[in-house]
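Structure assessment
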Amino acid sequence: LKLKGQIQADGRWYLDDSAHNGTDTFLIRRARPILEGTLYKDFDFRFMPDFGNDNVTLLDAYIEWKHWQWLKPRAGKFKPPVGLELLQDDPWTIFAERALPSDLVPNRDIGAMVGVKSSWPAASRSVSRIDSAGNRLRLARQSNRLSGSDSNACATYVVDCRYPRVKTNRRT
């Protein structure tokens, strides 16, 4: 059982602002207790709520079956394997905000995923079915409303393949 946490604060103070053009603010952007663990040697779980920005949100709540080394089914709310910037954990990002293209991919949606690791050709693959009615596909839903579509939820099927760089002994 692991208990972790992440806190990110944001403060803005304006010095010599006698005209009061700027407003001094301080807020907690992210306040995330993280509970991770293993049940019965085969099931990993993660539970991560967020209490930042005066809002309570459940970001991660999933369970993963790790009975086989090469096959790992996962179900719950998690990050689908799309968007390199979103797959990077928040403590390891350089900037406090994500780039605009990150709004075009799903982020922490409810669904199921099967991850497959193979030894040759040293590739990992994952296939997931995500219910993207959650956090990030607001732009798609808003454009559906403008076009007259009644769809409130989008379903996304994701196939992700990663091939690591292979070292060669080639002379130059």
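Cut-offs applied
Residues numbered from 1 in each chain as written. Predicted model: local features only at pLDDT ≥ 70, side-chain atom pairs only at ≥ 80, totals over all residues. Heavy atoms only, no water. Helix = DSSP H or I, 4+ residues; strand = E, 2+ residues; numbered from the N terminus. Contact = heavy atoms within 4.5 Å. Areas by Shrake-Rupley, 256 points an atom, 1.4 Å probe, with all protein chains shown as cover. Patch = residues over 30% accessible without salt bridge, like charges linked within 9 Å, V, L, I, M, F, W, Y side chains within 5 Å. Salt bridge = Lys/Arg side-chain N within 4 Å of Asp/Glu carboxyl O. Buried < 20%, exposed > 50% of the residue type's maximum accessible area, 1.4 Å probe, protein only. Polar contact = N/O pair within 3.5 Å; in protein donor to acceptor, adjacent residues only side chain to side chain. Phe/Tyr/Trp six-rings, centres within 6.5 Å; stacked < 30°, edge-to-face > 60°. Lys NZ or Arg CZ within 6 Å of the ring centre and 35° of its normal.

Turning to the overall build of the protein chain, a few remarks are in order. Across its full length, the protein chain holds two helices and eight strands. In the protein chain, of all internal contacts separated by at least 6 residues, the share reaching a separation of at least 24 is 43%. With an accessible surface of roughly 12500 Å², the protein chain has 57% of that area assigned to carbon and sulfur atoms.

On the surface, Leu-1, Leu-3, Leu-35, Phe-47 and Leu-58 cluster together into a nonpolar patch covering about 530 Å² of accessible area. On the secondary structure map, Phe-47 appears in strand β3 (residues 43-50).

A word on the environment of Glu-36. Structurally, the position occupied by Glu-36 is in strand β2 (residues 25-39). By relative accessible area, which is 13% here, Glu-36 ends up buried. Along the primary structure Glu-36 and Arg-46 are separated by 10 residues, whereas in three dimensions their C-alpha atoms are 4.5 Å apart. Ignoring anything within four residues of it in the chain, the contact list for Glu-36 reads Leu-1, Lys-2, Lys-4, Phe-45 and Arg-46. A distance of 2.5 Å separates polar atoms of two side chains, one belonging to Glu-36 and the other to Arg-46.

Mapped onto the fold, Ala-75 is located in strand β5 (residues 71-78). Residue class for Ala-75 comes out partly exposed when judged on its relative accessible area of 37%. Separated by 35 residues in the primary sequence, Ala-75 and Ile-110 have C-alpha atoms spaced 7.8 Å apart. Excluding residues within four positions of it along the chain, Ala-75 makes contact with Ala-61, Tyr-62, Ile-63, Gly-111 and Ala-112.

Turning our attention to the pattern of salt bridges. Two side chains bearing opposite charge may form a pair once their charged atoms approach each other closely. Counted under the stated rule, the structure contains 11 salt bridges. Overlapping salt bridges, with partners in common, bring together Lys-4, Glu-36, Arg-46, Asp-60 and Arg-108 in one network.

What follows covers the packing of aromatic side chains. For any two aromatic rings, the description comes down to two numbers: the centre-to-centre distance and the angle of the planes. A full pass over the atoms with the stated rule returns five aromatic pairs. Residues Trp-68 and Trp-70 carry aromatic rings whose centres are separated by 6.4 Å and whose planes lie at 40 degrees to one another, so their mutual orientation is tilted. Accessibility expressed as a relative area gives 32% for Trp-68, which makes it partly exposed. Above the face of the Phe-78 ring, Arg-74 is positioned so that its terminal group lies 5.4 Å from the ring centre.

Read these as geometric descriptors, not functional statements.
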